[in-house]
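# Secondary and tertiary structure notes
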Amino acid sequence: MKKKECSDGKHEAQLGVAVTLALTIVGCSVSPAKQSEHPSILAANLDSYPSVSYPSVDQKLGEHLYPDEKPIAENLSVVIEESIRKQYSAGSARRDAHPKAHGCVKAEFNIVDTLPEALSKGMFVPGKTYQAWIRFSNGSGDPTHADIKRDARGMAIKVLGVPGKKLLEDEADAATQDFIMINHPVFFATDPARYLSFMNDANSDHYYRKLLIPFDLGAKGTRIVLETRSSKISNPLQTRYWSMVPYQLGTGLDRQAVKYSVRSCSDVVDPMPKEPSHDFLRDVLRNTLQNDDACMEFLVQARTSDRMDVEDSRIEWKEAQAPFSKVATIRIPRQTFDTPQQNEFCENLSFAPWHALPEHKPLGVTNRLRKVIYDHISRVRHEMNDTQREEP
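The notes below deal with the structure included here.

Cut-offs and rules
- Residues numbered from 1 in each chain as written.
- Predicted model: local features only at pLDDT ≥ 70, side-chain atom pairs only at ≥ 80, totals over all residues.
- Heavy atoms only, no water.
- Phe/Tyr/Trp six-rings, centres within 6.5 Å; stacked < 30°, edge-to-face > 60°.
- Helix = DSSP H or I, 4+ residues; strand = E, 2+ residues; numbered from the N terminus.
- Buried < 20%, exposed > 50% of the residue type's maximum accessible area, 1.4 Å probe, protein only.
- Lys NZ or Arg CZ within 6 Å of the ring centre and 35° of its normal.
- 1 Å grid on protein atoms, 1.4 Å probe; cavity = no way out; pocket = protein on both sides within 12 Å on 5 of 7 lines; lining within 4 Å.
- Points joined across faces, edges and corners; volume = space filled by probe spheres on them.
- Disulfide = S-S within 2.5 Å.

Below, the discussion takes up the packing of aromatic side chains. This structure, assessed with the given rule, holds 16 aromatic pairs. Relative to Phe179, the ring of Phe109 has its centre 6.2 Å away and its plane inclined at 10 degrees; by these criteria the two rings are stacked. In this pair, Phe109 is assigned in strand 1 (residues 101-111) and Phe179 in strand 4 (residues 176-182), connecting sequence segments 70 residues apart. The exposure classification of Phe109 matches that of Phe179, with both residues buried. Aromatic ring contacts, followed pair by pair, group Phe109, Phe124, Phe179, Tyr247, Tyr260 and Phe298 into a single cluster. For the cation-ring pair, Lys128 lies above Tyr130, with the distance from its terminal atom to the ring centre recorded as 5.6 Å. Against the face of Phe351 rests Lys158, its NZ or CZ located 5.1 Å from the ring centre.

So, in structure tokens, the structure goes:
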């Protein structure tokens, strides 16, 4: 009898862990709000902000629309908005995903002097140097999450001084290009309808609805959630990051699908601290950059086979079949970043994959949903905090 009770407790604990991990990757904890259940709320919330055009697909690169993508993206936006308004009061709203930053640092983004023509597209101009801001973060939707706990880790890069019209209609003249990555090569969801079902079930007040989560995600998606959330790192500057989802490179007939990655220039990895502080990753980042410069490499992985799906973000493009090429060196100079002014500046920044040139257009359903969701949530956060939303 005791063995059975122990087994039941173990299964319940595993389910609880899976639910928590899934919510962490999604980056929010919300009440269910299906479109059919709250049409008036959906309409009111979406009408509060300028509409965003839904992206077209590039069939040549293998994109295709899923049923009802746009209304699902709009519904997800409102679900996440309601979670933010529920979690935070006016003046203190944080990001729904990756709300806890380890630091926002100044950097140089140096394109290598020699690049093959296939990679010399958009902002990847051989020999060009850009200034940039980089934000390192935890994935958990809980900004009080201790750094030593297992979690996804994020790296968001905002490159400055990038000429050319951008893809976000109301920020077309912005001189920025964003790259968003976490320390895992794939994302856990791909079908919009199943993703919405997961969101509603995961955030239901009814425990039995949470039992449906493995069916929403499927075995593969559930495994990816657990893997993504399982990492511990000792230094954000020594961690490898991936874009998870694909992007276009180029705009002509020779355009191709690629993914991005960033890794340290060195193989050195610090040991995990024996008695870490609650925010030890911020401490490590601060101490590292007080003493020396840091170096990272920006890599591009060109797709080499149509079997490397652009729509299914759960599929990893194996490096053995599609090697990464170094496109840039990221130099993070010695600096003092942990000041109230810089932390506030970092908190007000918005990072989005659609802050991009057409030559770096985001591809796939996850990115199409992101265009609507990221824009809406950024507006909500800035409106709640009574701050101006603007690009540096």
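Past the structure itself, the notes keep going.
Okay, empty space enclosed by the protein next. Here the idea is plain: a probe the size of a water molecule rolls over the atoms and shows the empty space left. With the rule as written, the count across this model stands at three cavities of 30 Å³ or more. Space inside the largest cavity adds up to approximately 850 Å³. The wall of the largest cavity is formed by 43 residues, among which Asp96, Ala97, His98, Arg370 and Tyr374 lie closest to the centre. Listed by contribution, the elements that provide at least two residues to the lining of the largest cavity are helix 1 (2-26), strand 2 (129-138), strand 3 (153-160), strand 4, helix 4 (192-202) and helix 9 (365-385). At 10 residues, the largest contribution of residues to the lining of the largest cavity is made by helix 9.

With that settled, the discussion passes to the state of the cysteines. According to the stated counting rule, one finds one disulfide in the structure shown. There is a disulfide in this structure between Cys265 and Cys295, and the S-S distance comes to 2.0 Å. With the S-S dihedral at roughly -60 degrees, the linkage between Cys265 and Cys295 falls on the left-handed side. Of the two residues, Cys265 is situated in the loop between strand 7 (256-264) and helix 7 (280-291) and Cys295 in strand 8 (residues 294-302); the sequence distance between them amounts to 30 residues. The partly exposed category is assigned to Cys295, whose relative accessible area is 31%.

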